[in-house]
Amino acid sequence: MIKYLIDASVACIFYRPRATFSSESDYIKNTSLKKHITKQKITNQAIVYIPSFCIAEVRNTLAKWYLRTNNITKPQHETAFGTFISHIHDRKFFYSYDLNRYHNIKIGRASCRER
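Keep in mind it's a predicted model, so treat the numbers as computed, not measured. (Residues numbered from 1 in each chain as written. Predicted model: local features only at pLDDT ≥ 70, side-chain atom pairs only at ≥ 80, totals over all residues. Heavy atoms only, no water.)

Draft legend 1. Structural detail: unusual backbone geometry. Its identity is not glycine, yet Asn-70 carries a phi of approximately 55 degrees, on the positive side. The backbone of Asp-90 sits at a positive phi, close to 55 degrees, despite the residue not being glycine. Among the structural elements, Asp-90 can be located in the loop between α4 (74–88) and β3 (94–97). Accessibility expressed as a relative area gives 59% for Asp-90, which makes it exposed. (Helix = DSSP H or I, 4+ residues; strand = E, 2+ residues; numbered from the N terminus. Buried < 20%, exposed > 50% of the residue type's maximum accessible area, 1.4 Å probe, protein only.)

Following this line, the structure appears as structure tokens:
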């Protein structure tokens, strides 16, 4: 089974309206990633983890798109927000992962291995 640990920037791809992309190619690239992960999740080939603190980051980004940048309309915001909440509720799509202090302490080891 494939295990994804995604952050808020990747999670937002799942809820980002087409109007917020700078180009059609950018939209297609991001949509293909979304479709790929979703297909794996639906067919039980993958589990998608999201750190619990990223949930607040996604909610803030959705609000920013609507309230600050006016990139999306109120109905688009409500749809994106509602879909996100349904995906994290009862771990229907995203499995909320609580990080503890040991994850933060050992991050130095993980980042050194990626070099």
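Draft legend 2. Main features of the pattern of salt bridges. Counted by the stated rule, this structure contains one salt bridge. The partner of Glu-24 in a salt bridge is Arg-18, and the shortest N-O contact between them spans 2.4 Å. Take Glu-24: its relative accessible area is 43%, and that puts it in the partly exposed class. (Salt bridge = Lys/Arg side-chain N within 4 Å of Asp/Glu carboxyl O.)

Draft legend 3. Region of interest: the environment of Asn-30. Along the polypeptide, Asn-30 turns up in helix α2 (residues 24–42). When near neighbours in sequence (up to four residues on either side) are disregarded, Asn-30 contacts Ile-13 and Phe-21. (Contact = heavy atoms within 4.5 Å.)

Draft legend 4. Summary view of the environment of Leu-33. With respect to the helices and strands, Leu-33 occurs in helix α2. What makes Leu-33 partly exposed here is its relative accessible area of 35%. Along the backbone, Leu-33 and Phe-14 are 19 residues apart, and their C-alpha atoms lie at a distance of 9.2 Å.

Draft legend 5. Up close: the nonpolar core. If you look at the biggest cluster of nonpolar residues, it comprises 20 residues, and the most contacted ones within it are Tyr-15, Ile-50, Val-58, Leu-62, Phe-84 and Phe-94. Elements with a contribution of two residues or more to this core: α1 (8–11), β2 (46–51), α3 (52–67) and α4. Here this core gets five residues from one element, more than from any other, and that element is α3. (Core = buried A, V, L, I, M, F, W, Y, C linked by side-chain atoms within 4.5 Å.)

Draft legend 6. Fine view of the packing of aromatic side chains. Under the defined criterion, the tally for this structure stands at nine aromatic pairs. Ring centres 6.3 Å apart and planes at 45 degrees place the aromatic pair Phe-14 and Tyr-15 in the tilted group. Since its relative accessible area comes to 10%, Phe-14 is described here as buried. Among the residues examined, Tyr-15 registers a relative accessible area of 5% and is labelled buried. Ring geometry for Phe-14 against Phe-94: centres 5.6 Å apart, planes inclined by 90 degrees, an arrangement best described as edge-to-face. A residue pair is termed long-range when its members are at least 10 positions apart, and Phe-14 in the loop between α1 and α2 and Phe-94 in strand β3 qualify at 80 residues. A relative accessible area of 0% means that Phe-94 is categorised as buried. Linked through ring pairs, Phe-14, Tyr-15, Phe-84, Phe-93 and Phe-94 together constitute an aromatic cluster. A cation sits over an aromatic face here: Arg-16 above Phe-21, 3.9 Å from the ring centre. Over the ring of Tyr-95 we find Arg-91, and its NZ or CZ is 4.0 Å from the ring centre. (Phe/Tyr/Trp six-rings, centres within 6.5 Å; stacked < 30°, edge-to-face > 60°. Lys NZ or Arg CZ within 6 Å of the ring centre and 35° of its normal.)

Everything listed is a geometric property; what it means functionally is a separate question.
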